[in-house]
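Chain by chain, the residues:
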Amino acid sequence: MNNAVNNRVWSGSWVAERLGVELTGDDRLTGMLGLALRRNPKRAHLLVSNVLGKHVPQAPSVVYGHGFALGRRVRDLLGPDDARAAVVLGYAETATGLGHSVADGLGTAPYLHSTRRPVPGVAPAGGFEESHSHATSHLLLPEDPALLAGDGPLVLVDDEFSTGNTVLNTVRDLHQRYPRPRYVVVALVDMRSAADARRLEDFARDIGARVDLVAAASGTVLLPEGVLERGQELVARYESGSDATGRPRGTASPGAGARRAAPAQRVGSEPGSGVGLEPGSGVGLGAGSGIGPEAAPGVGPGAGSPGVGEAARPVPDHPHPDHEPARPAGRVARVDLGWPEDLPDGGRHGFTPAHRARLEGALPAMTARLAEALPADARRVLVLGFEELMYAPLRLARELEQIADAEVRYSTTTRSPVLAVDDPGYAIRSRLVFPAHDDPADGPGERYAYNVAGAGFDAVVAVVDSAADTPALHAPDGLLARLAAHTPHVLLAVVPSYAPAPRYVPERPAMLPEPLRGPAFSSYPPEEVGWLLQDLSDVTLEAPTEEREEAIQSGGAHYAESLPVEYQPSEQYQRLFHTALEASAARLAQAVGAVTEVVLAERSPRPVLVSLARAGTPVGVLMRRWARFRHGLDLPHYAVSIVRGRGIDANALRWLAAHHDPRDVVFVDGWTGKGAITRELAAALDEFEAGEGITGFDPEIAVLADPGSCVRTYGTREDFLIPSACLNSTVSGLISRTVLRADLVGPHDFHGAKFYRELAGADVSTGFLDAVGARFPEVLDAVDAQAKELLSGDRTPTWEGWAAVERISEEYGIHDVNLVKPGVGETTRVLLRRVPWKILARAGAGADLDHVRLLAEQRGVPVEEVGELPYTCVGLIHPRFTRGATGADGRAVTV
């Protein structure tokens, strides 16, 4: 390859001339890479990236653009469905920012990077070794252990893909724990040999997974025999006071045409080398940035640097007057970024799309604070990140680049020991050395900042996390003092180190019991549903309907503190139920299939169904059966309690979060009325997230029927008879309504319910499910058409049901929307459990209301036909009930 492009000296020529190292491959390689020497017994040379933003200060738009563009290529490779299910994993320390930028390019992918910093209280979810790095052990510390447990593609991002050992070690470890069918490996440069490429292909076949590779450039490093020994000798000579030729310092270096001393052999360079393309940071093809040498910054120490043919100078670790004229120390000041509370500082514990949105919203204000703190005359500014903390400084630098009247560059400090040589043909022109300042687990040691000294920066913004804001940072030999010796202004910006919150209530995380299952609790088979409830079957909770209504409306008791006496259907009513089931089974089957297909397409490919007990539970079982029938999926299904005015069972949520990824949880109910439970769930989850720090639960409920237009996920918006609404426990596994009473349910207990074993003779729960499931084969085509229509249509809730309920409440003088129960299902509940006042029926409603008319007749409740009604019927609970009272119209109620 040419050593100079566009009349500029290639920053790898110094090493190439002395060691015979050569890059072959894409023309863009010399623009992206330079060479340096490292003090490492395993590898002599280093590939130094000009676009990574680690060792070579670069324009942040170039750095971020490379990673973002790679993410876009991955998205196009995967396609929309797999891209939505992907997780991105970056490598510490140098690919942390690059991986995060790739995740941004994918758009919706959560991001995690490996780390060398153990964090108390966070258990590793995996780890691997990077055998040739200066710091070999990587930990994976996601806040949510389920982050890596999905079966979507895993995208692994490194700065350089050389032998492939690091990736193989990672995939081998993770595939044993969390097997998945596809992996994508992303790197700025692919420098593998042909043998290494074959080894990866063989590995993919062995584990039965597809492995793709995406890189911005590719090639190979040619190394002569004996290069390691010669490189070590060269480093030793140079550091001892002679240059690479053995001549005293100050004599001319060899010319550009120097020959290699030995024939070359084809080998791969090493990932995680500590310079250039180490694992992680963010780079991409920024608009107009170019990718050849013109995109590389002028990284030399300034106008006074020696040119080609001038003497190369070793750079002391600690700058000396002989190397650079003495100058007054610069001013060090702190700037408060105003970093949002509880926003992660990076991907060490995971970074979700929601986190990304919060960061995007906060960046303008934070960057404005930085810009205001810069001196007005600063024309060249460096934003300097800190080891694994690469992404946050990169994004701040990129925003600053847009608003500051200055040239902005970006790089970070590093653990990697590299020889510095002040020559334009060498990638590392200067080095600052300072002690580690984050109390590292592997003990104290030196840290480095390259190409900063002598680079002519008017100001340096040092960005560290709060774990690194220690006395060592501010010491006379610390990083800030080293920077102040080379620039007149140093700003310190501290990002709070993110500490994951405990995933459970500390007092009793391990004491939550396992779900109750049939036949010990409920008449459902054990695999159909796990009840996150406690069994209160031995407690007398039933009260006469009239007593319950009076207590509820007077404020003396909450409806969830007692149970109504279980309605025992007459023989006539049971016949009506079976007739209704026969007539509506196919319609139900179609709605079940449609809502399940919408959930699988939009919510999660392997959802965890969580039905709201008890009306939602038969629907959850049917959805589970459809997923198994149509897709061969065996979905987990649980039932939990939610109580209007009291929220959802927080202990049930804790149990779910401990056993599943909350993002996979889909709450299921039978139907919507006016949307009260939809609102209740959303408010309860907000409160739970704020109090527990557990995130990811989606408040959107999936329902069979949404006549109130309250949700986006439904099978139909028609208000029709769902036969399971006709009965109580005898169609719901013989389980009662849920109970929440302080003397029975403690702060660490699940809500309660009863199992009516004594009603087994009247139980039709399994028969109802079987009757609907038997119609699945005949509705396949109809389900496909309906699901396609739903997925492509506008399903935005209009909340027209809520508006209708408010209107009815005022028109009928009730003035309490809680006493207006819209829809066939809710009206049935009023007749079975409450003290009904009257029933409003849409004119012309047919068989869907046969059971309602029968129940109304049995209870002496009038049925009033109404012309304009968005529901098939509406049940009105007796307003301001006391025994013997009259309703708003002055009529007494027969009970």
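Residues numbered from 1 in each chain as written. Predicted model: local features only at pLDDT ≥ 70, side-chain atom pairs only at ≥ 80, totals over all residues. Heavy atoms only, no water.

## Looking at the packing of aromatic side chains
Here is step 1 of the chain: If you walk through the whole model with that rule in mind, you get 14 aromatic pairs.
Here is step 2 of the chain: Ring centres of Trp-14 and Tyr-426 lie 5.1 Å apart, and the angle between their planes is 80 degrees; this geometry places the pair in the edge-to-face category. Highlighted residues: Trp-14 in helix H1 (residues 13–19) and Tyr-426 in the loop between strand E18 (421–422) and strand E19 (431–435), separated in sequence by 412 residues. The pair formed by Trp-14 and Tyr-426 is uniform in burial state, with each residue classed as buried.
Here is step 3 of the chain: Considering the side-chain rings of Tyr-64 and Phe-68, the 5.8 Å spacing of their centres and the 35 degrees angle between planes classify their relative orientation as tilted. Linking Tyr-64 with Phe-68, this pair stays in helix H3 (residues 60–85), spanning four residues, or about one helical turn.
Here is step 4 of the chain: Assessed through its relative accessible area of 5%, Tyr-64 is described here as buried.
Here is step 5 of the chain: A relative accessible area of 26% means that Phe-68 is categorised as partly exposed.
Here is step 6 of the chain: A cation sits over an aromatic face here: Arg-395 above Tyr-64, 4.8 Å from the ring centre.
Here is step 7 of the chain: For the cation-ring pair, Lys-838 lies above Trp-837, with the distance from its terminal atom to the ring centre recorded as 4.6 Å. (Phe/Tyr/Trp six-rings, centres within 6.5 Å; stacked < 30°, edge-to-face > 60°. Helix = DSSP H or I, 4+ residues; strand = E, 2+ residues; numbered from the N terminus. Buried < 20%, exposed > 50% of the residue type's maximum accessible area, 1.4 Å probe, protein only. Lys NZ or Arg CZ within 6 Å of the ring centre and 35° of its normal.)

## Describing the side chain of Ser-611
Here is step 1 of the chain: Within the fold, Ser-611 resides in strand E27 (residues 608–612).
Here is step 2 of the chain: Its relative accessible area of 0% is what places Ser-611 among the buried residues.
Here is step 3 of the chain: Within the structure, the side chain of Ser-611 is placed 3.3 Å from the side chain of Thr-617, a separation counted as a polar contact.
Here is step 4 of the chain: Not counting residues within four places of it along the chain, the set of residues in contact with Ser-611 comprises Gly-616, Thr-617, His-637, Tyr-638, Ala-639, Val-640 and Val-668. (Polar contact = N/O pair within 3.5 Å; in protein donor to acceptor, adjacent residues only side chain to side chain. Contact = heavy atoms within 4.5 Å.)

## Concerning the confidence of the model for the chain
Here is step 1 of the chain: Per-residue confidence for the chain averages 81 on the pLDDT scale, and 82% of its residues sit at or above 70.
Here is step 2 of the chain: Overall, residues 131–136 carries pLDDT values under 50, and its contacts beyond four positions in sequence, including any with other chains, amount to 27 contacts.
Here is step 3 of the chain: Low pLDDT, under 50, characterises residues 242–326; the predicted model gives this stretch 283 contacts beyond four residues in sequence or across chains. (pLDDT = per-residue confidence, 0-100.)

## Quick look at the sheet that holds E27
Here is step 1 of the chain: Strand order in the open sheet formed by six strands is E23-E28-E27-E31-E32-E33, and the pairing between neighbours is parallel. With partners counted over all chains shown, the strands left at the sheet margins are strand E23 (530–531) and strand E33 (713–716), one partner each.
Here is step 2 of the chain: Across four bridges, strand E31 (residues 665–671) lies against strand E32 (residues 701–705) in parallel orientation. In the sheet register, Val-668 faces E32, and the bridge partner there is Ala-702.
Here is step 3 of the chain: Contacts between helix H14 (residues 616–631) and the sheet are confined to E23, E27, strand E28 (637–640), E31 and E32, with E31 contributing the most and set at about 120 degrees to the helix. (Pairing = 2+ DSSP bridges. Axes fitted to C-alpha atoms, helices over the stretch in contact; angles between N-to-C directions.)

## Side note on the sheet that holds strand E38 (residues 873–877)
Here is step 1 of the chain: Strand order in the open sheet made by the four strands is E35-E38-E36-E37, with mixed pairing throughout. Two strands in the sheet have a free side with no partner beyond their single neighbour: strand E35 (820–822) and strand E37 (863–866). Ignoring which end each strand starts from, the neighbouring axes of this sheet average 20 degrees apart.
Here is step 2 of the chain: Relative to E38, strand E36 (residues 836–842) is paired through five bridges, and the arrangement is antiparallel. Residue pairing in the sheet places Leu-840 in a bridge with Val-874 of E38.

## Here's the deal with the pairing of strand E20 (residues 446–450)
Here is step 1 of the chain: Among the five residues in E20, four count as buried, and that is most of the element.
Here is step 2 of the chain: Bridge analysis of E19 against E20 gives five bridges, and the strand direction is antiparallel. By the bridge assignment, Arg-431 is partnered in E20 with Tyr-450.

## Some words on unusual backbone geometry
Here is step 1 of the chain: Geometrically, the link from Ala-92 to Glu-93 is a cis peptide bond, its omega value of 5 degrees lying close to zero.
Here is step 2 of the chain: Summarising the element assignment, Glu-93 is placed in the loop between strand E6 (87–90) and helix H4 (96–106).
Here is step 3 of the chain: Residue Arg-614 is bonded to the preceding Ala-613 through a cis peptide linkage, with omega at 0 degrees.
Here is step 4 of the chain: You can see Arg-614 is positioned in the loop between E27 and H14.
Here is step 5 of the chain: One non-glycine residue, Ser-522, lies in the positive phi region at around 95 degrees.

## Things to note about the packing of helix H13 (residues 571–602) against H14
Here is step 1 of the chain: Where H13 contacts H14, the axes come no closer than 9 Å and their chain directions differ by 75 degrees. Taken as axis vectors, H13 and H14 run roughly perpendicular relative to one another. On H14, the residues touching Ala-589, Val-592, Gly-593, Val-595, Thr-596, Glu-597, Val-599 and Leu-600 of H13 are Leu-622, Met-623, Trp-626, Ala-627, Arg-630 and His-631. (Parallel < 35°, antiparallel > 145°, perpendicular 65-115°, else oblique.)

## What to know about the pairing of strand E17 (residues 407–412)
Here is step 1 of the chain: Most of E17 is tucked away: five of the six residues are buried.
Here is step 2 of the chain: The pairing of strand E16 (residues 380–385) with E17 spans six bridges and is parallel. In the sheet register, Val-381 faces E17, and the bridge partner there is Val-408.
Here is step 3 of the chain: In terms of handedness, the path from E16 via helix H9 (residues 391–403) over to E17 forms a crossover that is right-handed. (Right-handed = clockwise from strand over helix to strand, strands pointing away.)

## Let's talk about the pattern of salt bridges
Here is step 1 of the chain: Enumeration according to the criterion identifies 40 salt bridges in this entry.
Here is step 2 of the chain: Put simply, Arg-447 and Glu-387 hold a salt bridge, and the shortest N to O gap is 3.0 Å. Residue Arg-447 is located in strand E20, and its partner Glu-387 is located in the loop between E16 and H9; the two are separated by 60 residues in the primary sequence.
Here is step 3 of the chain: Classification of Glu-387 as buried rests on a relative accessible area of 6%.
Here is step 4 of the chain: In this structure, the salt-bridge partner of Glu-602 is Arg-795, at a minimum N-O distance of 2.4 Å. Taken together, the residues span a long stretch of sequence, with Glu-602 in helix H13 and Arg-795 in the loop between helix H18 (780–792) and helix H19 (800–811) at a distance of 193 residues. (Salt bridge = Lys/Arg side-chain N within 4 Å of Asp/Glu carboxyl O.)

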